[in-house]
Amino acid sequence: PGDAVAVAASGGKDSTVLAHVLARLGRRLGLRLALLAVDEGIAGYRDAALRVLRAAGAALPLPLAVVSHRELFGWAVDQLGPALGRRSRCTVCGVFRRHALERAAREMGADWIATGHNADDVAETVLMNFLRGDVARLRRAANEAWGATNEATPSAAAPWPTVPRLKPLRHASQKEIVLYAHFLGLPYASAECRHAPLAFRGHPRALLKELEAARPAAVAALAHSGRRLALGAAPGAGAAPGACGRCGAVASGELCMACVLLAALDRGRPKLALGKRGL
């Protein structure tokens, strides 16, 4: 009771349902809720979603804060084309988005960040990390499958510690969320980002649909398997996180990933930064 929760909202079905559920529960639990949106700078996509989100926020009613990639980082996603070439923009966009949510939630005084990830999203992430052989992210996904991350401040050296995250819908399937929105008449934006087809996540998503058609429990099984992963420590995993030398955020190296990408973009060599970090 009394905790402040920043609801990461995009205007899509997941975050719209999450905001609606938390608004109803928040009145009983005494939560202080606010919607937090990120404008990545994708013309014709994010603009429409933000219009839907503003209407949803007014109907609940919940305050809405919007932060933009252009204002925080000096780059909009649509500006990354010449720098990245045929490479997916989704990696850079995702890194910037997480950084923006973290920073904005901290400035809002939020105790938690709630995201709308559902069981399908969790299953996709587990499958994607297996396909990439990404042990570090498999470990992180295993922790996130419990629904909360960063429960303790990773480093006292960081001027702004991380805000812990929650995934309240992590056990709800995408179909259940769509049905919830349908029967309650909740409007949401359904257009897909035009950069999404270039993302690697599309491959495990398509594979997951085939697996689900053959075995309906595949999504739930993969999502729950994240909680049972017992992974050995990766090389260097024992080192305590420190502070980013550029922005002060928690970082495992001298710079956080957002600042690594920003520095590479400023030098005109973002592909090199992506390749070095295995992204």
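Everything below is about the structure shown above.
As the structure is a prediction and not an experimental result, all values here were calculated from the model.

(A) Structural view of the nonpolar core. Counting residues in each nonpolar core, the largest one holds 29 residues, and the members touching the most others are Phe96 and Ala105. Listing elements by their share of this core, those giving two or more residues are strand S1 (4-8), strand S2 (32-39), helix H5 (90-108) and helix H11 (257-267). When residues of this core are assigned to domains, at least three map to each of domain 1 (1-116 + 168-192) and domain 2 (240-273). One finds Val5, Ala23, Ala114 and Leu169 within the second-largest nonpolar core, a separate group that totals 21 residues.

(B) The arrangement of the side chain of Ser15 in detail. Along the chain, Ser15 falls in helix H1 (residues 13-29). Residues in contact with Ser15, not counting those within four places in the same chain, are Ala8, Ala9 and Ser10.

(C) Structural detail: the pattern of salt bridges. Tallying each qualifying case throughout the model produces 9 salt bridges. Put simply, Arg165 and Glu102 hold a salt bridge, and the shortest N to O gap is 3.7 Å. Taken together, the residues Arg165 in strand S6 (residues 165-166) and Glu102 in helix H5 connect sequence positions 63 residues apart. Of the two residues, Arg165 and Glu102, both sit in the buried class. Three or more residues joined by partner-sharing salt bridges are found here, namely Glu40, Arg46 and Arg97.

What counts, and where the lines are drawn
- Residues numbered from 1 in each chain as written.
- Predicted model: local features only at pLDDT ≥ 70, side-chain atom pairs only at ≥ 80, totals over all residues.
- Heavy atoms only, no water.
- Core = buried A, V, L, I, M, F, W, Y, C linked by side-chain atoms within 4.5 Å.
- Buried < 20%, exposed > 50% of the residue type's maximum accessible area, 1.4 Å probe, protein only.
- Helix = DSSP H or I, 4+ residues; strand = E, 2+ residues; numbered from the N terminus.
- Domains from an automatic or database assignment.
- Contact = heavy atoms within 4.5 Å.
- Salt bridge = Lys/Arg side-chain N within 4 Å of Asp/Glu carboxyl O.

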